[in-house]
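Here are the chains, one letter per residue:
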Amino acid sequence: MHADLTRDTFDAAKHFSRVLIQQGRVPLDADLNEQASILLHYQRRLAADLIGAHGGPTGAVGFKITPHDGTLTIGQGRYYVDGILVECEGDTDYFAQPDLRLDPQHDALPAAPYVVALHVWERHKSAAEDEAILEPALGGPDTASRAQVVWQVRAHPAAELAPDDPNGLACDDVVPALAGGASGRMRARIREETPDTDPCVLSPGSRFRGLENQLYRVEIHRGGAIGADDAPVAGAARPTFKWSRENGSVVLPLRTLHAERARVETLGRDRRLGVHEGDWVEVLDDDRVLRGGEPAPLASVQRVDRDALTLDLEAAALPSYDEKDAGRHPLLRRWDQQDPARVSDDAGPEPDEKDVALVDGAVPVSTWWTELELGIQVQFEAGSYRAGDYWLIPARTAIGDIQWPTEKGPDGEDVASWKWPRGTERHYAPLAIVRAGGPEECRRCFDPISKPCGP
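Values in this document were obtained by computation on a predicted structure and should not be read as measured data.

Caption draft 1: The sheet that holds strand S25 (residues 390–396), seen in detail. A sheet is described by the order of its strands in space; here five strands give the open sequence S21-S12-S10-S25-S26, paired in antiparallel fashion. Both outer strands of the open sheet, strand S21 (363–364) and strand S26 (401–402), are each paired with one neighbouring strand and no more. Sheet analysis places strand S12 (residues 240–244) next to S21, joined by two bridges and oriented antiparallel. The partner of Phe 241 across the bridge, within S21, is Val 363.

Caption draft 2: Representation of a nonpolar patch on the surface. Together, Tyr 42, Leu 46 and Leu 50 make up a nonpolar patch on the protein surface, roughly 350 Å² of accessible area in all. Structurally, the position occupied by Leu 50 is in helix H1 (residues 29–51).

Caption draft 3: Region of the structure containing the state of the cysteines. Within the structure shown, the criterion is met by one disulfide. Here Cys 171 engages in a disulfide with Cys 442; their sulfurs sit 2.0 Å apart. Looking down the S-S bond of the Cys 171 and Cys 442 bridge, the torsion is -70 degrees, so its handedness is left-handed. Placement of Cys 171 in the loop between helix H2 (158–161) and helix H3 (174–179) and of Cys 442 in the loop between strand S30 (438–441) and strand S31 (445–446) is noted, with a sequence separation of 271 residues between them.

Caption draft 4: Up close: the nonpolar core. Ranked by size, the top nonpolar core spans 29 residues in total, and within it Val 218, Phe 241, Val 378, Phe 380 and Ile 393 carry the most contacts. Counting only elements with at least two residues in this core, the list comes to strand S9 (186–190), strand S10 (214–222), S12, strand S23 (376–380) and S25. Aside from chain neighbours lying at most four places away, what touches Ile 393 is Met 186, Ala 188, Gln 214, Leu 215, Tyr 216, Val 218, Val 378, Ile 402 and Trp 404.

Caption draft 5: Geometry of the pairing of strand S1 (residues 54–57). Here S1 shows a buried face lined by His 54 and Gly 56 and a second buried face lined by Gly 55 and Pro 57. As paired strands, S1 and strand S4 (residues 77–81) are joined by two bridges and run antiparallel to one another. Looking at the pairing, Gly 55 lines up with Tyr 80 of S4. Strand direction decides the pairing type here: S1 and S31, joined by two bridges, are parallel. Across the sheet, the residue bridging to Pro 57 is Phe 446, located in S31.

Thresholds, definitions, all that
- Residue numbering note: each chain is counted from 1, following its sequence as written.
- pLDDT decides what is reported in this predicted model: residues at 70 or higher carry local features, side-chain atom pairs at 80 or more are listed and counted, and totals for whole chains, interfaces and linings draw on all residues regardless.
- With hydrogens and water set aside, each side-chain value is computed from the structure's full complement of heavy atoms.
- Whether two strands pair comes down to DSSP finding at least two bridges between them.
- Put simply, DSSP H or I for four residues or longer makes a helix, DSSP E for two residues or longer makes a strand, and each gets a number counted from the N terminus.
- Exposure above 30% relative accessible area and the absence of a salt bridge qualify a residue for a patch, where like charges join within 9 Å and nonpolar side chains (Val, Leu, Ile, Met, Phe, Trp, Tyr) within 5 Å.
- Note on areas: these come from Shrake-Rupley sampling with a 1.4 Å probe, and a residue is covered only by the protein chains present in the view.
- Any carboxyl oxygen of Asp or Glu that lies within 4 Å of a side-chain nitrogen of Lys or Arg is treated as forming a salt bridge with it.
- Note on disulfides: each one is a pair of cysteine sulfur atoms within 2.5 Å.
- Think of a nonpolar core as a cluster: buried Ala, Val, Leu, Ile, Met, Phe, Trp, Tyr and Cys residues, connected wherever their side-chain atoms sit within 4.5 Å.
- Per-residue accessibility, obtained with a 1.4 Å probe over protein chains only, is compared with the maximum for each type, and a residue is labelled buried under 20%, exposed over 50%, and partly exposed between these values.
- Throughout, a contact is declared for two residues whenever any of their heavy atoms are within 4.5 Å.

Structural data, given as structure tokens:
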């Protein structure tokens, strides 16, 4: 979630049952958000325990797949995937899904046999992506944002999920094949800085030397895999990441974008939460976000005209937008990486440090420690990484440190712990396997537990 948060404190492993608001205390967004997360975790876990991995209520089960004339009809009704409720409000054509824009020419259904699966995930939506969130009586400022359940019905060639025996693919084989293996882990730490004469930072006696509390977001931009010592993995691209000190929450709605000249609705809430020369911005719209797994172009801001509300951008290739594209909610999202990035390996008495150039605006994922800013460093382990994987790093001036778990190292010292990404969590359910002779049903149904009362 790219919301403007102080931090995300929910941790299922702590087994908290509720948040208790105390009198006379300062209210925090983290407390209210954690309460909502506690209830949501309980409800979805309960639904999954009772229903199973997926299923729908008898008499109202949705997402029936009916092939015809080169397309599919998705049936009206409800379905649960890992406890998450998804609803199809009416019979829907495969190429007219509300959360997935497909082109019949470029996204034609594969030849039989193929699998039809339901993909479910949560998307963050701000007022820049849904104007109805704004309250007109307040005159324009945004308040809260929203998390939206996204469902997408996708067709996958059976050979992609079961290369050895496509015709022998069973419904129970679909989810493990789609989910794939786990992504790699990351850890974060603070390194002591050398004295700095810049009056805009605190004394070097405080390890995190920013003047404001921040929620850093490290997000995989291009998926791929790395081996030990950053060795390339055969057949895999080198993954890259981007980072933001504002959890990626600084966005500028786009009016138009042509020939690297962007005209925006606003340049941000203030100078700190805006865009300046030298920043990197990601060019996004609803279609690209909903496709997922595909890195959006990153562009360098070359010039800002604050009177005309225009930006001159530099990038290898950028899409074009007109006023007629307003319904796709095009926007620029600011990221804070710098070129070049500094990495170090901690080997020997003196760490070996070097500069690494950005790749299309993003930082190469490395098994060395990569410097973000103000002493904050991140390190990735050898493994695979998916676009959209992200980690959050709260940085606090009061303690001069980041909030990141530690563990005991081989010599008894405290070292940063490895953490799996927080998301994006994707959930899958098989709906049908379409074979040459027709579709094989993969949905599951459950009956209500209530029964008529006796006399």
